[in-house]
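Architecture and fold: a report
Residue-level listing of the chains:
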Amino acid sequence: MTTSPTQTLDGVLGGLMRRYSERVPDVQNVINAMLDAGIIQSPDEIENDHIAFRTMGVPNLGIASFEKIFLHYGYEKRDEFNFTGKKLTAYWYSPPESQYPRIFASELRVHELSEEAQQIIHRYTDTVTSDPVDSLDLDDANAVDQFLHQPLWQTPTLADYQTLLAESEYAAWVIYNRYYLNHFTISVHNLKPGYNTIDEFVAFLETSGFKLNSAGGTIKVSPDGDLRQASTVAQMIDADFAGGDIFRIAGSYVEFAERRVLPPFRDLPADQITRQHRREGFETGNADKIFESTFTTQTGR
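From a predicted model like this one, the values you see are computed outputs, not experimental measurements.

**Re the packing of aromatic side chains**
Under the defined criterion, the tally for this structure stands at 20 aromatic pairs. Here the aromatic rings of F147 and Y179 are separated by 5.9 Å at their centres, their planes lie at 65 degrees, and the arrangement is edge-to-face. With a gap of 32 residues between them, F147 in helix 5 (residues 141-148) and Y179 in the loop between helix 7 (169-177) and strand 5 (183-187) connect regions that are remote in the sequence. The class of F147 is buried, set by a relative accessible area of 3%. By way of ring pairs, the aromatic residues F53, F66, F70, Y73, Y75, F147 and Y179 are connected into one cluster. When the ring centre of Y91 is taken as origin, the NZ or CZ atom of K77, which lies over that ring, is 4.0 Å away.

**Thoughts on the environment of Q235**
Note that Q235 resides in the loop between strand 7 (227-231) and strand 8 (236-240). Residues in contact with Q235, not counting those within four places in the same chain, are V24, P25, D26, I249, A250, G251 and S252.

**Here we look at helix 5**
For helix 5, the set of buried residues is A141, V144, D145, F147 and L148. Down the axis of helix 5, the buried set is contained in an arc of 160 degrees. They therefore lie on one face. Facing away from the buried side of helix 5 by more than 90 degrees, the exposed set consists of N142 and Q146. Residues of helix 5 that are buried make contact with helix 1 (5-23) and helix 3 (62-72).

**Things to note about helix 6 (residues 158-167)**
Taken together, the buried positions of helix 6 are occupied by L158, D160, Y161 and L164. Buried residues in helix 6, looked at end-on, bunch into an arc of 160 degrees, giving them a common side. Elements that come into contact with the buried residues of helix 6 comprise helix 4 (115-125), helix 7 and strand 9 (246-250).

**A closer look at empty space enclosed by the protein**
The probe, sized like a water molecule, is rolled over the atoms to show the empty space still left. The full count for this structure, using the stated rule, is one cavity of 30 Å³ or more. For the largest cavity, the calculated volume is near 100 Å³. In terms of lining, the largest cavity is formed by 15 residues, of which the most central are A52, F104, H183, A287 and I290. For the lining of the largest cavity, the secondary structure elements donating two or more residues are strand 1 (48-56), strand 4 (102-108), strand 10 (253-259) and helix 9 (284-290). Of all the elements, strand 1 adds the most residues to the lining of the largest cavity, at four residues. Per-class residue counts for the lining of the largest cavity are eight nonpolar, five polar and two charged.

**Here's the deal with the pattern of salt bridges**
Counted by the stated rule, this structure contains 20 salt bridges. Here D160 makes a salt bridge to R123, at a shortest N to O gap of 2.8 Å. Separated by 37 residues along the polypeptide, D160 in helix 6 and R123 in helix 4 bring together distant segments of the chain. One salt bridge in this structure joins R266 and D226, with 3.0 Å as the shortest N-O distance. Taken as a pair, R266 in the loop between strand 10 and helix 9 and D226 in the loop between strand 6 (220-221) and strand 7 lie far apart in primary sequence, 40 residues in all.

**What about the nonpolar core?**
Among the nonpolar cores identified, the biggest contains 92 residues, and M34, F70, F104 and F256 are the most heavily contacted of them. In contact with M34, not counting residues within four places along its chain, are I39, I40, I46, I186, L191, F201 and F204.

About the thresholds
Every chain is numbered independently, its residues counted from 1 as its sequence is written. Given that this is a predicted model, residues contribute local features only at a pLDDT of at least 70 and side-chain atom pairs are listed and counted only at 80 or more, while totals for whole chains, interfaces and linings are drawn from all residues. Computation of side-chain values: all heavy atoms of the structure, hydrogens and water removed. Each aromatic pair joins two rings of Phe, Tyr and Trp (for Trp, the six-membered one) with centres within 6.5 Å, and gets the label stacked for planes under 30 degrees apart, edge-to-face for over 60, and tilted for any other angle. Comment: elements are numbered from the N terminus, with helices defined as DSSP H or I runs of at least four residues and strands as E runs of at least two. Each residue is placed in one exposure class: buried if its accessible area under a 1.4 Å probe, protein chains only, is under 20% of its type's maximum, exposed if it is over 50%, and partly exposed if it falls in between. A positively charged side chain is recorded as over a ring if its NZ (Lys) or CZ (Arg) lies within 6 Å of the ring centre. The angle to the ring normal must also be within 35 degrees. Contacts: residue pairs with any heavy atoms within 4.5 Å of one another. What the arc describes is the spread of directions from the helix axis to the C-beta atoms. Cavities and pockets are defined on a 1 Å grid built over the protein atoms alone: a cavity is a set of grid points where a 1.4 Å probe fits but cannot escape, while a pocket is an open set with protein on both sides within 12 Å along at least five of seven lines, and lining residues are those with an atom within 4 Å of any such point. Grid points are joined across faces, edges and corners, and a volume is the space filled by probe spheres set on the points. Asp, Glu, Lys and Arg are counted as charged, while Ala, Val, Leu, Ile, Met, Phe, Trp, Tyr, Cys and Pro are counted as nonpolar; the rest, among them Gly, fall into the polar class. Take a side-chain nitrogen of Lys or Arg and a carboxyl oxygen of Asp or Glu: if they are within 4 Å of each other, that pair is a salt bridge. Nonpolar core, defined: a set of buried Ala, Val, Leu, Ile, Met, Phe, Trp, Tyr and Cys residues in which side-chain atoms within 4.5 Å join the residues together.

Given below as structure tokens:
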């Protein structure tokens, strides 16, 4: 029996979310708090606005390799974003059907780092001598799920990790975590009244004791005011490094987004508003600060 691309996509996303939820306690903690407060009756009611991945811009890897997976399932590549200070390039991808999350994929411009950092990164990534996605059966959800959770290079030494951390916290995150799901995003605008704006939902999170990313303000707002985002601070995990060292590093986090109804549609009755009526895409300024959810300036607060 052949499976459709969307059935395969269901399997891939299910695997990603399962492992991410196991590794990031805040996922279940946020969901439990929402259940306890009666905001939702079931986790299935949560709309996942987008999921995000981080990659290394080196031969055979990076966005050029990674995006092949989701393009295969019908995702379409959209706008490019440039994060000058962090030396990152990113794109977002719109899903094949509206029930699926958008994807935000970023890539470190390794060639812009110091010579020392480049050497460290290539020492690990040069062992990948061909594009691993090319030999992957993209119609096999289990194979893709395993690929997204397997190490593509050797576990780094703590010394290499810390050298990268001092120059690029993004580089350090990727050298250890690889393609691990960086975050998923709860669409707050589809929650019940009283919680369906980012301001109300952030107030609920703070009352519930969650630690939120304060970079650029707790709520990050696009210049047009119609995309509003917030995120938890990444939870620290005990990471095993080569040689037996154990060190606490930033894992993943949870994001929250409010996409406001676009001006031409603001008179529509609430029950007629769908995804196409809301602010689409992403915003460099917002995303730039969301990245810092895994940075020591936030995790060390």
